[in-house]
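Chains, contacts and geometry: an overview
This is what each chain is made of:
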Amino acid sequence: MITVASLAPFLGGALALGGVAVTASRRRELQVRWCAWAVGVPLVTGAFWLGRPGTAAIAIAVAVIAVLEYGGLMRLGRVDRVVLAAAVAGIVLAAWLAPGQLLRVAAIGALAVAAVPLLGGDADRGLYRLGAGLLGLAWLSALAALVPLGASALALFVAVSVADIVAYFAGRRLGGPRLSPLSPAKRWSGTLAGAAAGLGAVVVLSGFSWPMAVAVAVGGPAGDLLESMIKRGTGAKDTGRWLPGSGGLLDRIDSLLVALTVLLILS
């Protein structure tokens, strides 16, 4: 059984090795990115250590930031963003406090998101705002899965992060056919190498199961392509610029969001 305590030494060791590697590389971009990880990983691990209250708190914080970035990408107004953030936060709270009412809370959230353009009488962009709001609700509400999955979700985050990093470097070195027109820089070679590395990480973390394997190998790349589709549709390169060396938060959790959904469904 995966526990936060069993994951902590691996996370600390990975950070230490990463620090040595980026220092040796002398690449400022990688060093800045490692500094962001050095702050974020202990913070997230500490939240999971506190159990469901801590996990729900970090999920809500991530959800609010993600909604703001998503709203910026989709050019949604302030009211749309506030209502969407409240709806996603409500779903996370329901996953913690009232899991039996989760579907009801999700339905209320969807109605609230739909009500914003309807009550505003937006004949020009109402349909677009409605579609963008419901897509954001369906996509970002996957963060609620952090609460019931607990340490397994933290292990999944580690695995998809490893898979993303290996896929990036292996794809550039090995080349080969493109994975999808949605993301021309990504290659099948990198995706397969990343999936193998992610599955290896799961084995090391003693969390291997066939739902976890499918979530890492299929859900992770699918989440990355979904965000690529959204960014290409909006003409954006990054979801934000505030996270040192990484752009925006959505750029870091895109693979995790779909992988979480897959793991929750299969589990």
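Details of the structure are given in the entry above.
Residues numbered from 1 in each chain as written. Predicted model: local features only at pLDDT ≥ 70, side-chain atom pairs only at ≥ 80, totals over all residues. Heavy atoms only, no water.

Some thoughts on the environment of Pro 42
Our working definition: Counting from the N terminus, the helices are DSSP H or I runs at least four residues long and the strands are E runs at least two residues long. Exposure classes here rest on a 1.4 Å probe applied to the protein chains alone. A residue is buried below 20% of its type maximum, exposed above 50%, and partly exposed in between. Pairs of residues are marked as contacts when any of their non-hydrogen atoms sit within 4.5 Å.
The residue Pro 42 is located in helix α2 (residues 28-49) in this model. We classify Pro 42 as partly exposed; its relative accessible area is 43%. Separated by 30 residues in the primary sequence, Pro 42 and Gly 12 have C-alpha atoms spaced 8.4 Å apart. Beyond its immediate sequence surroundings of up to four residues, Pro 42 is in contact with Leu 15 and Trp 37.

Things to note about helix α10 (residues 210-234)
Note: α-helices contain 3.6 residues per turn, so residues at a spacing of three or four share the same orientation. Spelled out, the test is: One less than the number of residues in a helix, times 1.5 Å, gives the span that helix is expected to have. The angle between axes fitted to the seven-residue stretch ending at a residue and the seven-residue stretch beginning at it gives the bend at that residue.
Relative to the 36 Å expected for 25 residues at 1.5 Å per residue, α10 spans 35 Å between its end C-alpha atoms, a close match to the ideal helical length. The sharpest bend along α10 measures roughly 35° and falls at Gly 219, with the proline Pro 221 sitting one to four residues further on. The positive-phi residue at the C-terminal boundary of α10 is Gly 235, with phi of around 75°.

A closer look at the pattern of salt bridges
Quick note on the threshold: Whenever a carboxyl oxygen of Asp or Glu lies within 4 Å of a side-chain nitrogen of Lys or Arg, that contact is scored as a salt bridge.
Counted according to the given criterion, the structure contains four salt bridges. Here Arg 129 and Asp 80 are joined by a salt bridge, their closest N and O atoms 3.0 Å apart. Pair noted here: Arg 129 is in helix α6 (residues 126-140) and Asp 80 is in helix α4 (residues 78-97), with a separation of 49 residues, a long-range link. The pair Arg 129 / Asp 80 is uniform in exposure class, with both members buried. For Asp 122, the salt bridge goes to Arg 129, with nearest N and O atoms at 2.8 Å. Judged by its relative accessible area of 22%, Asp 122 falls in the partly exposed class. Bridged by salt links that share partners, the residues Asp 80, Asp 122 and Arg 129 form one connected network.

Some remarks on the packing of helix α1 (residues 4-25) against helix α8 (residues 151-174)
Rules: Every axis in this analysis is a line fitted to C-alpha atoms, fitted for helices over the stretch in contact. Angles between the N-to-C directions lie between 0 and 180 degrees. Should an angle fall under 35 degrees it is called roughly parallel, over 145 degrees roughly antiparallel, and 65 to 115 degrees roughly perpendicular, with every other angle called oblique. When the near helix sits turned anticlockwise from the far one by under a right angle, the crossing is termed left-handed; a clockwise turn instead gives a right-handed crossing. Lys, Arg, Asp and Glu make up the charged group, whereas Ala, Val, Leu, Ile, Met, Phe, Trp, Tyr, Cys and Pro make up the nonpolar group; the residues left over, Gly among them, are polar.
At their nearest, the axes of α1 and α8 sit 10 Å apart, and the two run at 20° to each other. Judged on the interaxial angle alone, α8 and α1 are roughly parallel. Crossing of α1 over α8 shows left-handed handedness. On α8, the residues touching Val 4, Leu 7 and Leu 11 of α1 are Ala 151, Leu 154, Ala 155 and Val 158. Looking at the contact of α1 with α8 residue by residue, the classes come out as seven nonpolar, no polar and no charged.

Remarks on the pairing of strand β2 (residues 183-187)
Spelled out, the test is: The criterion for strand pairing is that DSSP finds at least two bridges linking the strands in question.
Pairing analysis gives two bridges linking strand β1 (residues 178-180) to β2, with the strands arranged antiparallel. In the sheet register, Arg 178 faces β2, and the bridge partner there is Arg 187. Hairpin connection, β1 to β2: the antiparallel pair is bridged by two residues.

Function-wise, these values are silent; they only describe arrangement.
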